[in-house]
Structure formats: structure tokens, C-alpha cells
Amino acid sequence: MKNITPKRQYLINRLGYLRNRAKLSARDLLGQVDKSFAYFAKFDNGDFSIPAEILLDAIECCGSTPEEFFWEDITKYKEQKDLINSFSKLSDESKQTILNLIKNMK
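A brief structural summary. The structure displayed is predicted, hence computed values, not measured ones. (Residues numbered from 1 in each chain as written. Predicted model: local features only at pLDDT ≥ 70, side-chain atom pairs only at ≥ 80, totals over all residues. Heavy atoms only, no water.)

Quick look at the side chain of Arg-14
Here Arg-14 lies in helix 1 (residues 6-21). One buried charged side chain, Arg-14, makes no salt bridge at all; its nearest oppositely charged neighbour is Asp-73, positioned 6.2 Å away. Within the local environment of Arg-14, its side chain forms a polar contact with the backbone oxygen of Phe-69, the two atoms lying 2.7 Å apart. If we skip the residues at most four places from it in the chain, Arg-14 touches Glu-68, Phe-69, Phe-70, Trp-71, Glu-72, Asp-73 and Ile-74. (Helix = DSSP H or I, 4+ residues; strand = E, 2+ residues; numbered from the N terminus. Buried < 20%, exposed > 50% of the residue type's maximum accessible area, 1.4 Å probe, protein only. Lys, Arg positive; Asp, Glu negative; His and termini not counted. Salt bridge = Lys/Arg side-chain N within 4 Å of Asp/Glu carboxyl O. Polar contact = N/O pair within 3.5 Å; in protein donor to acceptor, adjacent residues only side chain to side chain. Contact = heavy atoms within 4.5 Å.)

Things to note about a nonpolar patch on the surface
Residues Leu-99, Leu-101, Ile-102 and Met-105 make up a contiguous nonpolar surface patch of roughly 410 Å² in combined accessible area. Considering the arrangement of structural elements, one finds Leu-99 in helix 7 (residues 92-104). (Patch = residues over 30% accessible without salt bridge, like charges linked within 9 Å, V, L, I, M, F, W, Y side chains within 5 Å. Areas by Shrake-Rupley, 256 points an atom, 1.4 Å probe, with all protein chains shown as cover.)

A closer look at the pattern of salt bridges
According to the stated counting rule, one finds two salt bridges in the structure shown. A salt bridge links Glu-68 to Arg-21; the nearest nitrogen and oxygen atoms lie 2.5 Å apart. Of this pair, Glu-68 sits in helix 5 (residues 66-69) while Arg-21 sits in helix 1, placing them 47 residues apart in sequence. Between Glu-67 and Lys-81 there is a salt bridge, with the nearest N and O atoms lying 3.0 Å from each other. Here Glu-67, found in helix 5, pairs with Lys-81, found in helix 6 (residues 77-88); they are 14 residues apart in sequence, far enough to count as distant.

Examining the side chain of Ser-64
Along the polypeptide, Ser-64 turns up in the loop between helix 4 (52-61) and helix 5. Among all residues touching Ser-64, those that are not within four sequence positions of it are Leu-18, Arg-21, Ile-59 and Phe-69.

Observations regarding the nonpolar core
Grouped burial of nonpolar side chains is what soluble globular proteins tend to show. Judged by nonpolar contacts, the single largest core of 19 residues is most densely connected at Leu-15, Leu-29, Phe-40, Ile-50, Leu-55 and Phe-69. Of all the secondary structure elements, the ones that give two or more residues to this core are helix 1, helix 2 (26-32), helix 3 (37-44) and helix 4. Those residues in contact with Ile-50, other than ones at most four positions away along the chain, are Tyr-39, Phe-40, Phe-43 and Leu-55. (Core = buried A, V, L, I, M, F, W, Y, C linked by side-chain atoms within 4.5 Å.)

Quick word on the packing of helix 1 against helix 4
It is the contact of helix 1 with helix 4, at a shortest axis distance of 9 Å, that shows an interaxial angle of 25°. Regarding the angle of helix 1 to helix 4, the classification is roughly parallel. Seen along the crossing, helix 1 lies across helix 4 with a hand that is left-handed. Here helix 1 contributes Leu-11, Leu-15 and Leu-18 to the contact with helix 4, which in turn contributes Leu-55, Ala-58 and Ile-59. Among the residues forming the contact of helix 1 with helix 4, the class breakdown is six nonpolar, no polar and no charged. (Axes fitted to C-alpha atoms, helices over the stretch in contact; angles between N-to-C directions. Parallel < 35°, antiparallel > 145°, perpendicular 65-115°, else oblique. Left-handed = near helix turned anticlockwise from the far one by under 90°. Nonpolar A, V, L, I, M, F, W, Y, C, P; charged D, E, K, R; others polar.)

Here you go:
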């Protein structure tokens, strides 16, 4: 019987999203992090928790970062990160103008 908590399902789903986006098969990813299919199957089934180092290695192998992995909406990470970066480069006055504009759009 599977013992998959919502937190574990979140990790499984996120890693699957990144793996698919990177066009890596499960076998390819497992080979890159030097783990067997059985190792990840035990994690997927809730038999044990995956060490942070293995998760971070898997994220990196998928061409991603921990920041993107844990972003609220991973599918919008690049778009939202670009927006934040652009916003942070503005003057304080321009930032306030944009914030006021956003407040008035509600």
C-alpha cells in the first residue's frame, strides 16, 4: 500500500514536470544521479524519504534550480522571474508608480 503524503506527491509531481521538460526518461535521470529505478520507486511508494542532496542533484540534472523547483507556479517561473528582475531594476519612483497602477486595476 502506498503511503504518499501530499508533500511527497508535490515533490514527485515537480520532479516529473522538470524531467519531462528536459526530455529525460526516468531511466536517464536515474543514471545521471547514480541511483537505480528501485531506489526512486521506494521513494514514490512512500517507503523512505529522499535525501536533499539526491533531490538537488536530480533538479540540477533536469536543468533547473531549487528556486524554480519550489516556485509557487513552476510553469510560470521564467515569466514571473523576468518580471521581478525587471521591476527590481527600476527607480523607487517607478516602482511606486507601477504598484499604484496595479492597485487601481483591481
